[in-house]
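# Notes for the structure review
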Amino acid sequence: MKKLGVLLADSNLLIREGLKAVLHTNSNIEVVAEAGNSKELITNLLDVKPCVILIDYQSPLFAEKDVGTVKTIYPKSKVIGITDTAERNAITRVMNAGIEGHLMKDCDKEEIVDAILATSKGNQFYCGKILNQLSEDETGSFTCEPITLSPREIEIIQLIASGLTNKEIAEELCLSQHTVMTHRKKIMSKLGINNTAGLVIYAVKNNLISPNKFLFNS
């Protein structure tokens, strides 16, 4: 199986080394290049044509516009932002530029790996803190088209509707509880649902779970 090539773009050498150590734990992922500034990012992008780019567009030698430049030069690369802070307007701008996912630097290693695997398959991936920031103090300035649920999200909705806890879902899918909670927040954000009952109703209405199974499950 061909490994997923990842380019790390961050002006901080220690951050890049830390990310390399995290990604080295997954046999399906390979760091194929690094960039310490915007110029190196473009040069390495054309040289290695990575599947996924992990970028801190807020670090000193990078900029938000780098996301748009990457998507213009090599749109096949999936771009994931990973920053220290989550400023709503900045996140909105890079989303409009074509970014496929966004993490915080304090996300756990499983979530970072999950984000790379998910975006490489064409799904979007946003950690819980980013989703919370996007949903707070909504002024109407941020809009987006409806996002199709991924197979993993549908699976989690089905398990929630079946009555499983986050811990049980994590064990069932071999994920961390934190990752399950992040998926759950993302699903609720996509669907505009605020509680478990709403997810159950959605699952029943969309035939993701049998009404009889839910209504008569002991």
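Heads up: the structure comes first, above all this text.
Residues numbered from 1 in each chain as written. Predicted model: local features only at pLDDT ≥ 70, side-chain atom pairs only at ≥ 80, totals over all residues. Heavy atoms only, no water.

## A short note on the pairing of strand 2 (residues 29-35)
Pairing analysis gives six bridges linking strand 1 (residues 4-9) to strand 2, with the strands arranged parallel. Directly across from Ala9, in strand 2, lies its bridge partner Ala35. Handedness of the crossover is the feature at issue here: the chain leaves strand 1, passes through helix 1 (residues 13-23), returns alongside strand 2, and the resulting connection is right-handed. (Pairing = 2+ DSSP bridges. Helix = DSSP H or I, 4+ residues; strand = E, 2+ residues; numbered from the N terminus. Right-handed = clockwise from strand over helix to strand, strands pointing away.)

## Details of the nonpolar core
Ranked by size, the top nonpolar core spans 42 residues in total, and within it Leu23, Leu41, Ile55, Leu103 and Ile112 carry the most contacts. A per-element tally of this core places helix 5 (residues 109-120) first, with five residues. If we ignore the near neighbours within four places in the chain, the residues touching Ile112 are Leu19, Leu23, Leu54, Ile82, Leu103 and Cys107. Counting 19 residues, the second-largest nonpolar core is a separate cluster that includes Leu175, Val180, Leu208 and Ile209. (Core = buried A, V, L, I, M, F, W, Y, C linked by side-chain atoms within 4.5 Å. Buried < 20%, exposed > 50% of the residue type's maximum accessible area, 1.4 Å probe, protein only. Contact = heavy atoms within 4.5 Å.)

## Some remarks on the pattern of salt bridges
Under the counting rule described, the total for this entry stands at ten salt bridges. Glu17 serves as the salt-bridge partner of Lys20, at 3.0 Å between the closest nitrogen and oxygen. Taken together, the residues Lys20 and Glu17, both in helix 1 and three residues apart, mark about one turn of the helix. The class for Lys20 is partly exposed, based on a relative accessible area of 25%. Given the relative accessible area of 38%, Glu17 is considered partly exposed. Residues Glu153 and Lys190 are paired through a salt bridge, measuring 2.7 Å at the closest nitrogen-oxygen approach. With Glu153 in helix 7 (residues 151-161) and Lys190 in helix 9 (residues 177-191), this pair connects stretches of sequence that are 37 residues apart. Ionic contacts of the salt-bridge type, sharing partners, join the residues Arg16, Glu17, Lys20 and Glu34 into one network. (Salt bridge = Lys/Arg side-chain N within 4 Å of Asp/Glu carboxyl O.)

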